[in-house]
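# Structural overview for review
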Amino acid sequence: MTTAVRIAATTTFACLRSVGRVQTLTKQCRPFASMASEAFKKHGVVPDVVKSAPVDPVVVKFDSGAAADFGNVLTPTQVKNEPVEISWKAEPDALYTLIKTDPDAPSRQDPKFREWHHWLVVNIPGNDVSKGDVLSMYVGAGPPEGTGLHRYVYLVYKQAGKIADSDHGKLTNRSADNRGGWSAAKFAQKHKLGEPIAGNVFQAEYDDYVPELYKQLGAA
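Residues numbered from 1 in each chain as written. Predicted model: local features only at pLDDT ≥ 70, side-chain atom pairs only at ≥ 80, totals over all residues. Heavy atoms only, no water.

Looking at an unreviewed UniProt entry, one finds the protein chain named Phosphatidylethanolamine-binding protein and attributed to Plectus sambesii. As its UniProt record puts it under Sequence similarities (unreviewed entry), the protein chain is described as follows: "Belongs to the phosphatidylethanolamine-binding protein family." (UniProt positions renumbered as here; feature names shortened; annotations may be inferred.)

Here is the structure:
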């Protein structure tokens, strides 16, 4: 990582740490907020997942010390556990939906199972994810061996009201059932969420943790 990139990353996350406590980004932070939009276009999240890119970023940090940073490359081992910090610019009295999805299942070249969703939480007050309703429990990254880099996309939508979805049900992290062939855009359309208001993305490819995840999901 160059000195310039390291400074930019440090500044970005310094700006983002305040998003849950203020309603606007500072003037100095605004150029970094646009990085989310640029990353979605650069990495093809637009149009593969959503039609338009969010402007605001989502902070995603893991207990390994790794963090999603607009398309950076992480390992499945680094992101195997649910993030220890996740936040975005939120209105404290509003409800939000959080999605983590992989459009590259089983590979970016042959995405016949697009999308495989890894996490779905609705009815989040402000950005307190722990108080939301979990429809799909968190699953770490599990790109199959030899399929190259997969994109792992975080999306946040603002809700107009409370969401209930009996058709989706509640998915555990002990099964891969009903995870694939999903669509963040269709879920948003179903619940009239509009376009995402915040997002982030990282990339990952196979490592030695993936077989462990497959066992967890009953796929090995």
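Moving on from the coordinates now.
On to the overall build of the protein chain, then. The helix and strand inventory of the protein chain stands at 5 helices and 9 strands. In sequence order, the secondary structure elements of the protein chain are arranged as α-α-α-β-β-β-β-β-β-β-β-α-β-α. Within the span of the protein chain, comprising 220 residues, buried residues form 51% of the whole. For the protein chain, the share of sequence-separated contacts (at least 6 apart) that also reach a separation of at least 24 residues comes to 75%. If you sum the accessible surface of the protein chain, you get close to 10500 Å²; carbon and sulfur atoms cover 52% of it. (Helix = DSSP H or I, 4+ residues; strand = E, 2+ residues; numbered from the N terminus. Buried < 20%, exposed > 50% of the residue type's maximum accessible area, 1.4 Å probe, protein only. Contact = heavy atoms within 4.5 Å. Areas by Shrake-Rupley, 256 points an atom, 1.4 Å probe, with all protein chains shown as cover.)

So, about the pairing of strand β5 (residues 95–102). Burial within β5 is extensive, with 7 of its 8 residues counted as buried. Summarising the sheet, β5 and strand β6 (residues 116–125) pair through 7 bridges and their orientation is antiparallel. If you follow Leu-98 over to β6, its bridge partner there is Val-121. (Pairing = 2+ DSSP bridges.)

With that settled, consider the nonpolar core. Soluble globular proteins tend to bury their nonpolar side chains together. Counting residues in hydrophobic clusters, the biggest one holds 25 residues, and the most contacted among them are Ile-86, Trp-88, Leu-98, Tyr-154 and Phe-202. Sorting the residues of this core by element identifies β5, β6, β8 (150–158) and β9 (198–204) as the ones contributing at least two each. Contacts of Leu-98, omitting those with residues within four sequence positions, involve Ile-86, Trp-119, Leu-120, Val-121, Ile-124, Val-129, Tyr-154, Leu-155 and Val-156. Counting residues in each nonpolar core, the second largest holds 23 residues, with Ala-53, Leu-120, Tyr-157 and Trp-182 among its members. (Core = buried A, V, L, I, M, F, W, Y, C linked by side-chain atoms within 4.5 Å.)

Once that is clear, we can look at the pattern of salt bridges. Counted according to the given criterion, the structure contains 9 salt bridges. Among the salt bridges present, the one from Arg-114 reaches Asp-48, with a minimum N-O distance of 3.7 Å. Linking Arg-114 in the loop between β5 and β6 with Asp-48 in helix α3 (residues 45–48), this pair joins segments that are 66 residues apart in sequence. Assessed through its relative accessible area of 27%, Arg-114 is described here as partly exposed. A salt bridge links Lys-158 to Glu-91, with the nearest nitrogen and oxygen atoms 2.9 Å apart. Here the residue Lys-158 occupies a position in strand β8, and Glu-91 occupies one in the loop between β4 (85–87) and β5, the gap between them amounting to 67 residues. When its relative accessible area of 38% is taken as the criterion, Glu-91 is described as partly exposed. A cluster of three or more residues bridged by salt bridges with shared partners is formed by Asp-48, Asp-104, Arg-114 and Arg-151. (Salt bridge = Lys/Arg side-chain N within 4 Å of Asp/Glu carboxyl O.)

With 9 of 10 residues buried, β6 is to be regarded as a mostly interior element. Relative to strand β7 (residues 133–136), β6 runs antiparallel, the two sharing 3 bridges. The partner of Val-121 across the bridge, within β7, is Val-134.

So, on to the side chain of Asn-123. Relative to the elements of secondary structure, Asn-123 occurs in strand β6. Since its relative accessible area comes to 5%, Asn-123 is described here as buried. There is a polar contact of 2.8 Å between the side chain of Asn-123 and the side chain of Asp-133. (Polar contact = N/O pair within 3.5 Å; in protein donor to acceptor, adjacent residues only side chain to side chain.)

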